[in-house]
Amino acid sequence: MNLQDVRNDLEQRLPKERYEHVIRMTETAKELAEKVGVSVEKAEIAGLFHDYAKFMDKKELLELLQRDDEYELYSQYHSELWHAPVGALLAKEKYGVEDEDILQAIRYHTTGRAGMSDLEKIIYIADLIEPGRKFPGVADLRQRIEGESLEDQMTECIQHTFKFLVHQYAVIFPNSFDCYNEHVRRRKEQ
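Keep in mind that this is a model prediction, so the values were computed, not measured. All residue numbers here refer to positions counted from 1 along the written sequence of the relevant chain. Residue-level local features of this predicted model are given only where pLDDT is at least 70; pairs of side-chain atoms are given and counted only at 80 or more, and the full residue set underlies all totals for whole chains, interfaces and linings. To obtain the side-chain values, all non-hydrogen atoms of the structure were used and water was disregarded.

### Topic: the pattern of salt bridges
Heads up, the rule is: Whenever a carboxyl oxygen of Asp or Glu lies within 4 Å of a side-chain nitrogen of Lys or Arg, that contact is scored as a salt bridge. Counting from the N terminus, the helices are the DSSP runs of H or I reaching at least four residues and the strands are the DSSP runs of E reaching at least two. The rule is simple: take the accessible area with a 1.4 Å probe, protein chains only, and divide by the maximum for that residue type; under 20% is buried, over 50% is exposed, in between is partly exposed.
Within the structure shown, the criterion is met by 21 salt bridges. A salt bridge links Glu27 to Lys30, with the shortest nitrogen-to-oxygen separation between them at 3.3 Å. One end of the pair, Glu27, and the other, Lys30, are both in helix α2 (residues 16–36), three residues apart, so they sit about a helical turn from each other. Note on Glu27: relative accessible area 36%, which makes it partly exposed. Ionic pairing is found between Glu93 and Arg67, a salt bridge with its closest N-O pair at 2.2 Å. Placement of the pair is Glu93 in helix α6 (residues 83–95) and Arg67 in the loop between α4 (58–65) and α5 (71–74), with a sequence separation of 26 residues. Glu93 sits in the partly exposed class, given a relative accessible area of 48%.

Shown next, in the form of structure tokens:
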């Protein structure tokens with residue numbers, strides 16, 4: 001797979017601002033991967049594909065999602081979540097990505113899950129903290145996780161996400177609950 005071809009494809013299919021987010025997020029993921037000894041190449045591939053399906057037509061997204069084993073679950077939640085499993089599907093089918101760790105990192109970058117691999121955590125964290133993100137509290141979040149272990153970074157990030165979702169009265173995806181609970185339990189056991 002030629003990653004420049006992927007970048008060119010992304011530049012054509014995504015709005016400029018989203019494309020720039022993907023590039024910044026990918027660079028952030030590569031930096032995190034290098035710091036913790038995870039494959040930088042895998043982080044780059046997962047980073048580039050994390051929002052590959054983000055701006056697809058909702059009807060087309062739903063048609064592709066129907067091929068997913070967890071279609072019934074995802075279809076009960078906001079369509080904003082659908083791009084992640086569909087992105088993993090397209091990375092596999094269109095570009096031949098076979099590495100399950102990369103595919104899982106793409107799939108769970110929005111929701112998290114219990115038992116995440118280090119690569120999955122890196123993609124989740126990088127998506128949240130890349131330098132272009134401007135949401136309330138992001139500067140504080142970046143400061144809190146600076147120099148922390150990958151586990152502690154993930155704990156802070158999932159807690160931040162939960163606080164945001166609860167404040168918005170958003171329906172929370174079950175995998176996110178599992179991820180949150182796992183990290184809270186881990187922290188209490190320390």
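Text resumes after the structure shown.
### Things to note about the packing of aromatic side chains
To keep it simple, the criterion reads: Geometry of aromatic contacts follows a simple scheme: Phe, Tyr and Trp rings, the Trp one being its six-membered ring, pair when their centres are within 6.5 Å, and the pair is stacked under 30 degrees between planes, edge-to-face over 60, tilted otherwise. The rule for a charge over a ring is simple: NZ of Lys or CZ of Arg within 6 Å of the ring centre, and within 35 degrees of the ring normal.
Under the definition given, this model contains seven aromatic pairs. Ring centres 4.7 Å apart and planes at 40 degrees place the aromatic pair Tyr74 and Phe173 in the tilted group. Of this pair, Tyr74 sits in helix α5 while Phe173 sits in the loop between α10 (150–167) and α11 (174–189), and the two are 99 residues apart along the sequence. Here the two residues Tyr74 and Phe173 agree in accessibility, since each one is buried. Residues Tyr77 and Phe173 carry aromatic rings whose centres are separated by 5.0 Å and whose planes lie at 75 degrees to one another, so their mutual orientation is edge-to-face. Linking Tyr77 in the loop between α5 and α6 with Phe173 in the loop between α10 and α11, this pair joins segments that are 96 residues apart in sequence. Following the ring pairs from residue to residue traces out a cluster consisting of Phe49, Tyr52 and Tyr95. When the ring centre of Tyr52 is taken as origin, the NZ or CZ atom of Arg13, which lies over that ring, is 3.9 Å away.

### Section: the environment of Pro131
Filter applied, for reference: In this description, contact between two residues means that some pair of their heavy atoms is separated by no more than 4.5 Å.
With respect to the secondary-structure elements, Pro131 resides in the loop between α8 (118–129) and α9 (138–145). You can call Pro131 exposed: its relative accessible area is 53%. Pro131 sits 116 residues away from Pro15 along the chain, and the two C-alpha atoms are 18 Å apart. The contact partners of Pro131, leaving out residues within four places of it in the chain, are Arg24, Thr28 and Arg142.

### A word on α10
Going by this rule: In this analysis, the expected span of each helix is defined as 1.5 Å times one less than the number of residues it contains.
Across its 18 residues, α10 extends 26 Å between first and last C-alpha, which sits within 8% of the 26 Å expected from 1.5 Å per residue. For α10, the full list of buried residues reads Leu150, Asp152, Gln153, Met154, Thr155, Glu156, Cys157, Ile158, Gln159, His160, Thr161 and Phe162. The secondary structure elements touched by the buried residues of α10 are α2, α8, α9 and α11. Positive backbone phi, at 55 degrees, marks Tyr169, one or two positions downstream of α10.

### Considering the layout of surface pockets
How we decide: Whether a set of points on the 1 Å grid over the protein atoms alone is a cavity depends on a 1.4 Å probe fitting there but being unable to get out, while an open set qualifies as a pocket with protein on both sides within 12 Å along at least five of seven lines; lining residues are those with an atom within 4 Å of a point. Grid points are joined across faces, edges and corners, and a volume is the space filled by probe spheres set on the points. Polar here means any residue outside two lists: the nonpolar Ala, Val, Leu, Ile, Met, Phe, Trp, Tyr, Cys and Pro, and the charged Asp, Glu, Lys and Arg; Gly therefore counts as polar.
By volume, the largest pocket is sized at about 830 Å³. Where the lining of the largest pocket is concerned, the elements lending two or more residues are α2, α8 and α10. No other element matches α10, which puts five residues into the lining of the largest pocket. Among the residues forming the lining of the largest pocket, the class breakdown is 13 nonpolar, nine polar and eight charged. Here the second largest pocket is characterised by a volume of approximately 340 Å³. Forming the boundary of the second largest pocket are 17 residues, of which Glu31, Leu32, Lys35, Ile129 and Glu146 lie nearest the centre. Listed by contribution, the elements that provide at least two residues to the lining of the second largest pocket are α2, α9 and α10. Looking at the lining of the second largest pocket element by element, the count peaks at seven residues for α2.

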